[in-house]
Amino acid sequence: MDLKPASPETILDRLGMPWDEVVRLADEHTMAVQAWLSTRAPSAERFETPGFTAGSSGLAVRLLNLALGGRYPPGIDGQVISADIEAVKSFFASRSVPWYWWLGPNPCPPDMARRLEDHGLAFDPPPLPALVAPLPARYSSLNPDARVWLAAGRADLQAASAIRRIAFRFPAGAAVDYFEAMADDWLRGDPARLYLARLGDGPPAAIGALITGAGIPGVYVMATLPEWGRRGLGKAILARILADAAADGHELIALTASRLGYGLYRQFGFEHVFDYMIYHPSG
């Protein structure tokens, strides 16, 4: 599958605003939510400088320990950036966790990628697409047997943790009680709403979340148990998330897409706006 960002003309036509404004909104949203997600675990810590935000859940899951962005003021001394990168590496080393550095579409300085590589970080291909859709969204027919509901108690959170751990192939023993350990965050409905889905009277088999950050909503933690795949559960959850976001008065919604989910999101009217470049310590 060839995953290419849409043209600025397409973005303007579909979303009604210039490409650079959509990029700004989506990037600010994504960075805000990823920072929130990586710092909500009971053992989480946060580390910031003027150029980046780093959040560590303390869990042995790479995507839950993140350094985010590169937003230094123009003309900053390169030695300051080098010292900060080394400080990030030391921060995560002290936590003994695997981690990623997300680099957005407009890093400052522009050669931030080279600087990361000079400090022993390697690009982890492929790039991660950032997509945005107008609301209300369009989508095709849904499986009438799919039932979607908002997480309402500990049993739902336990089911969601199991689904995410299996679907995302977390390391054995990692994030076993991810959602229930942060029950208040996932049950109060602000900024996050957690959804589950089943077919008929079957067990909970899929999850997804609507999380608001930097003023706009986004789609997160979409996952389906392998044995329940391709039965419309992901589509049903996504349709509910988009409907609820539109009902809240939002006019657009953002997400980052794996290659597995990219086709689904395109069916719902999402446009590929830009890519994140993801780095991790090499060696």
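A. Quick peek at the packing of aromatic side chains. The final tally for this structure, using the stated rule, is 15 aromatic pairs. A centroid spacing of 5.6 Å and a plane angle of 50° characterise the contact between F52 and W101, whose relative ring orientation is tilted. Of this pair, F52 sits in strand β2 (residues 52-56) while W101 sits in strand β4 (residues 100-103), and the two are 49 residues apart along the sequence. Centre to centre, the rings of F123 and Y279 are 5.8 Å apart; their planes meet at 55°, and the pair counts as tilted. One end of the pair, F123, is in strand β5 (residues 121-123); the other, Y279, is in strand β12 (residues 271-281), and 156 residues separate them in sequence. Residue classification places F123 among the partly exposed positions, given a relative accessible area of 28%. One residue, R164, lies across the ring of F168, its end atom 5.2 Å from the ring centre.

B. Seen up close, the nonpolar core. With 61 residues, the main nonpolar core has F179, W186, L194, I211, I253, Y265 and F270 as its most contacted residues. Looking at which element gives the most residues to this core, the answer is helix α7 (residues 233-247), with eight residues. The contacts of Y265, once residues within four sequence positions are left out, are L131, M222, L238, L255, A257 and F270. Counting residues in each nonpolar core, the second largest holds 24 residues, with M31, Y100, L128 and A254 among its members.

C. Broad picture of the pattern of salt bridges. Taken as a whole and judged by the stated rule, the model has 14 salt bridges. Two residues, E21 and R24, come together in a salt bridge whose shortest N-O distance is 2.6 Å. Here E21 and its partner R24 are both found in helix α2 (residues 19-37), three residues apart, which amounts to about one turn of the helix. The exposure class assigned to R24 is partly exposed, which follows from its relative accessible area of 36%. By sharing partners, the salt bridges in this structure join D111, R114, R115 and D118 into a single network.

D. Seen up close, the pairing of strand β1 (residues 45-49). Examined bridge by bridge, β1 and β2 share five bridges and lie antiparallel to one another. In the strand pairing of β2, F47 is matched with A54. The turn linking β1 back onto β2 is made up of two residues.

E. View of the layout of surface pockets. Considering only enclosed or pocket space, the largest pocket measures out at about 1800 Å³ in volume. Around the largest pocket, the lining is made up of 49 residues, and of these F168, M222, S258, L260 and G261 lie nearest the centre. Counting only elements with at least two residues in the lining of the largest pocket, the list comes to α2, β4, β6 (128-134), α5 (154-167), β10 (216-224), α7, β11 (252-256) and α8 (259-267). Its residues assigned to classes, the lining of the largest pocket comprises 32 nonpolar, nine polar and eight charged. Of the volumes computed, that of the second largest pocket is approximately 350 Å³. Every residue lining the second largest pocket is counted, 18 residues in all, and those nearest its centre are D27, E28, M31, G69 and R71. The leading source of residues in the lining of the second largest pocket is α2, at eight residues. Its residues placed into classes, the lining of the second largest pocket shows eight nonpolar, five polar and five charged.

So, how was this worked out
- Residues numbered from 1 in each chain as written.
- Predicted model: local features only at pLDDT ≥ 70, side-chain atom pairs only at ≥ 80, totals over all residues.
- Heavy atoms only, no water.
- Phe/Tyr/Trp six-rings, centres within 6.5 Å; stacked < 30°, edge-to-face > 60°.
- Helix = DSSP H or I, 4+ residues; strand = E, 2+ residues; numbered from the N terminus.
- Buried < 20%, exposed > 50% of the residue type's maximum accessible area, 1.4 Å probe, protein only.
- Lys NZ or Arg CZ within 6 Å of the ring centre and 35° of its normal.
- Core = buried A, V, L, I, M, F, W, Y, C linked by side-chain atoms within 4.5 Å.
- Contact = heavy atoms within 4.5 Å.
- Salt bridge = Lys/Arg side-chain N within 4 Å of Asp/Glu carboxyl O.
- Pairing = 2+ DSSP bridges.
- 1 Å grid on protein atoms, 1.4 Å probe; cavity = no way out; pocket = protein on both sides within 12 Å on 5 of 7 lines; lining within 4 Å.
- Points joined across faces, edges and corners; volume = space filled by probe spheres on them.
- Nonpolar A, V, L, I, M, F, W, Y, C, P; charged D, E, K, R; others polar.

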